[in-house]
Amino acid sequence: MKTKQLNLMKQLVTRCITTNFMYFLGPHPDIMQCQNAFFQSTYLMDDFMECLKNYQAECEAYGITTIITSYHVYFTAICLSKEKKEYLFLGPFLDCSIADSVIYDMIKGHGLTIEYARKLKGYYDSIPIYDMSHISGICEVMRNELLNKEEYPKNAFLDYRMTPKDEQDGIAFKLEMEKNIDYQRVEKRYEVEAKVLAAIEEGNLPKAQEIAREFATYSDGMVRAKDPIRNTKNLLIVGNTLYRKAAQSGGVHPVYLDEISAKWAVKIEQANSEEALVAIWPRLLRAYCLLVRNHSLAQYSPIVRRAVTHISLNLGTPLSVAEVAKEVNVCPDYLTRLFKKEVGESVITFINKKRIEASLKLLNTTNLPIQTIGDMVGINDTSYYNKLFKKHIGMAPKQYREKL
């Protein structure tokens, strides 16, 4: 067969269907070509090669043959030359979805273990489903184009499927298979859940979001209460607890953890619809990741960690290097050097930055006077507060508020 003709037929097939187009010539076809094309295990490859061997012995020249393997997978073959052992194959495909009872027959018939059932189900999910008349029509066109024969033998049918086993055995097998798959699903859910928590611990929001989408595929169907709303609330409460523990492992101080955990616990209980509850999941994940990113102290030594925590929790009070050093029980000079080394800025610069950040939140969420906000973050001199705010933000507090 000319290469140009084969390439033309391959283009025709790939435009019409998504299964494989294979060309075999000679008594020993390229097994690796078959394996690379569509097989996921040696069982399936060996089964196809056995079917191919039987087909070569039984096929008629120029005929079209539909082959069903013992694994219920379909192939359609065109015999281009029986003498040269030249064939075209389309496949694999299915004519319908495969039921669990059919998988039982195949597992039993081939002497495989229960664990192989999950692989088979995944394999069948990857194979396209086509109506046989559609595939036959494509094969008729190819045969007419390639062979240019006026008369052709009738289409043949080779069915190597196994005889169904006892029905009661099938039911028992199905239950065992479902239980086995459920066990594997639970194991996978816990594995993915651990990855989500590890991403939160790092404060890595993109990574956590990506893994959370995978986790959702394993968490469907988790029932903890009969009422759907109560069930979703219970799952969110568990998530809130797990996320909080992950953030704590990420170095966030318990004060912040308690505040955010309590906030989301209230939001969860106040939600009155499944839609509102489902919308909480991504927001909850984002909140804890950002908490770790903004408040994690894991990278600091114990002394600097205590100093940063003291500063963050006492912004409204007078703060100085000496006062902070006394609180963490070191001399001011030592704290200054250590703080600069680990944080990358001086204690006073850090205090001022934290005070401006706190004032930004108040400007964004309240209508308090600017002077009052300055007092609340520990800057009693309004003129100095305006100057410091402009240094960090690029504009005065009043201008910032007007732009909101």
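Residues numbered from 1 in each chain as written. Predicted model: local features only at pLDDT ≥ 70, side-chain atom pairs only at ≥ 80, totals over all residues. Heavy atoms only, no water.

Quick look at the confidence of the model for the protein now. Per-chain confidence: the protein averages 85 in pLDDT, with 88% of residues scoring 70 or above. When the elements of the protein are averaged for pLDDT, helix H2 (residues 31-38) gives the smallest value, 49, and helix H14 (residues 332-343) the largest, 95. (pLDDT = per-residue confidence, 0-100. Helix = DSSP H or I, 4+ residues; strand = E, 2+ residues; numbered from the N terminus.)

The buried fraction of strand E3 (residues 74-81) is high, at eight of eight residues. Inspection of the sheet shows strand E2 (residues 64-68) paired to E3 by five bridges, in the antiparallel sense. Bridging from a neighbouring strand, Thr66 pairs with Thr76 of E3. Hairpin connection from E2 to E3: five residues lie between these consecutive antiparallel strands, with His72 at a positive phi of about 65 degrees. Relative to strand E4 (residues 86-93), E3 is paired through six bridges, and the arrangement is antiparallel. Pairing of Tyr74 across the sheet is with Phe93, part of E4. (Buried < 20%, exposed > 50% of the residue type's maximum accessible area, 1.4 Å probe, protein only. Pairing = 2+ DSSP bridges.)

This part covers helix H1 (residues 3-16). With 14 residues, H1 should reach 20 Å at 1.5 Å per residue; the first-to-last C-alpha distance of 20 Å fits that figure. Along H1, the residues classified as buried are Leu6, Met9 and Val13. Down the axis, H1 shows its buried residues gathered within 65 degrees of arc, on one side only. For H1, the exposed residues set more than 90 degrees away from the buried face come down to Lys4 and Arg15. Close packing links the buried residues of H1 with strand E1 (20-25), E4 and helix H6 (132-147). (Expected span 1.5 Å × (residues − 1). Arc of directions from axis to C-beta. Contact = heavy atoms within 4.5 Å.)

Enumeration over the complete set of coordinates arrives at 12 aromatic pairs. Between the aromatic rings of Tyr243 and Tyr288, the centroid separation amounts to 6.1 Å while the plane-to-plane angle is 75 degrees, which identifies the pairing as edge-to-face. Taken together, the residues Tyr243 in helix H9 (residues 228-249) and Tyr288 in helix H11 (residues 274-295) connect sequence positions 45 residues apart. With a centroid separation of 5.4 Å and 70 degrees between ring planes, the pair formed by Phe339 and Phe350 is classed as edge-to-face. With Phe339 in helix H14 and Phe350 in helix H15 (residues 347-365), this pair connects stretches of sequence that are 11 residues apart. Phe350 shares its class with Phe339; the two are buried. By way of ring pairs, the aromatic residues Phe24, Phe48, Tyr55, Phe75, Tyr87 and Phe89 are connected into one cluster. One residue, Lys267, lies across the ring of Trp264, its end atom 5.7 Å from the ring centre. (Phe/Tyr/Trp six-rings, centres within 6.5 Å; stacked < 30°, edge-to-face > 60°. Lys NZ or Arg CZ within 6 Å of the ring centre and 35° of its normal.)

Here we take up helix H3 (residues 42-58). Taking 1.5 Å per residue, 17 residues should reach 24 Å; H3 reaches 24 Å between its end C-alpha atoms and fits that length. All of the buried residues along H3 are Leu44, Met45, Asp47, Phe48, Met49, Cys51, Leu52, Tyr55 and Gln56.

Attention now goes to the nonpolar core. Core analysis: the largest hydrophobic core is formed by 52 residues, its most contacted members being Tyr55, Phe89, Leu90, Tyr124 and Met142. The biggest single contributor to this core is H3, with seven residues. Sequence-distant contacts of Leu90, defined by excluding residues within four places in its chain, comprise Val13, Ile17, Thr19, Asn20, Phe21, Tyr74, Phe75, Thr76, Ile135, Ile138, Cys139 and Met142. Core analysis: the second largest hydrophobic core is formed by 30 residues, Phe215, Tyr218, Trp264 and Cys289 among them. (Core = buried A, V, L, I, M, F, W, Y, C linked by side-chain atoms within 4.5 Å.)

This part takes up the sheet that holds E1. One open sheet accounts for five strands, arranged E1-E4-E3-E2-E5; its pairing is mixed. The open sheet is flanked by E1 and strand E5 (156-159), the only strands paired with a single partner. The mean inter-strand angle of the sheet, taken between neighbouring strand axes irrespective of direction, is 20 degrees. With four bridges connecting them, E2 and E5 associate as parallel partners. (Axes fitted to C-alpha atoms, helices over the stretch in contact; angles between N-to-C directions.)

On to the pattern of salt bridges. Tallying each qualifying case throughout the model produces eight salt bridges. Put simply, Glu140 and Arg143 hold a salt bridge, and the shortest N to O gap is 3.0 Å. Placement of the pair is Glu140 and Arg143 together in helix H6, with a separation of three residues, close to one helical turn. On the basis of relative accessibility, which here comes to 25%, the residue Glu140 falls in the partly exposed class. (Salt bridge = Lys/Arg side-chain N within 4 Å of Asp/Glu carboxyl O.)

Attention now goes to the environment of Ala99. Checked against the element boundaries, Ala99 lands in the loop between E4 and helix H4 (100-110). Along the backbone, Ala99 and Lys121 are 22 residues apart, and their C-alpha atoms lie at a distance of 9.2 Å.

As a further point, take unusual backbone geometry. A cis amide bond, omega 0 degrees, links Gly91 with the succeeding residue Pro92. You can see Pro92 is positioned in strand E4. Positive phi, normally seen in glycine, also occurs at Tyr62, with a value near 70 degrees. Its relative accessible area of 28% is what places Tyr62 among the partly exposed residues. For Asn329, which is not a glycine, the phi torsion comes out positive at approximately 65 degrees. You can see Asn329 is positioned in the loop between helix H13 (321-328) and H14.

Running from amino to carboxyl end, helix H12 (residues 302-313) crosses H15 at an angle of 40 degrees, the nearest separation of the two axes being 10 Å. The element H12 and its partner H15 pack so that their crossing is right-handed. On H15, the residues touching Val308, Ile311 and Ser312 of H12 are Val347, Phe350, Ile351 and Lys354. A class-by-class count of the residues in the contact of H12 with H15 yields five nonpolar, one polar and one charged. (Left-handed = near helix turned anticlockwise from the far one by under 90°. Nonpolar A, V, L, I, M, F, W, Y, C, P; charged D, E, K, R; others polar.)

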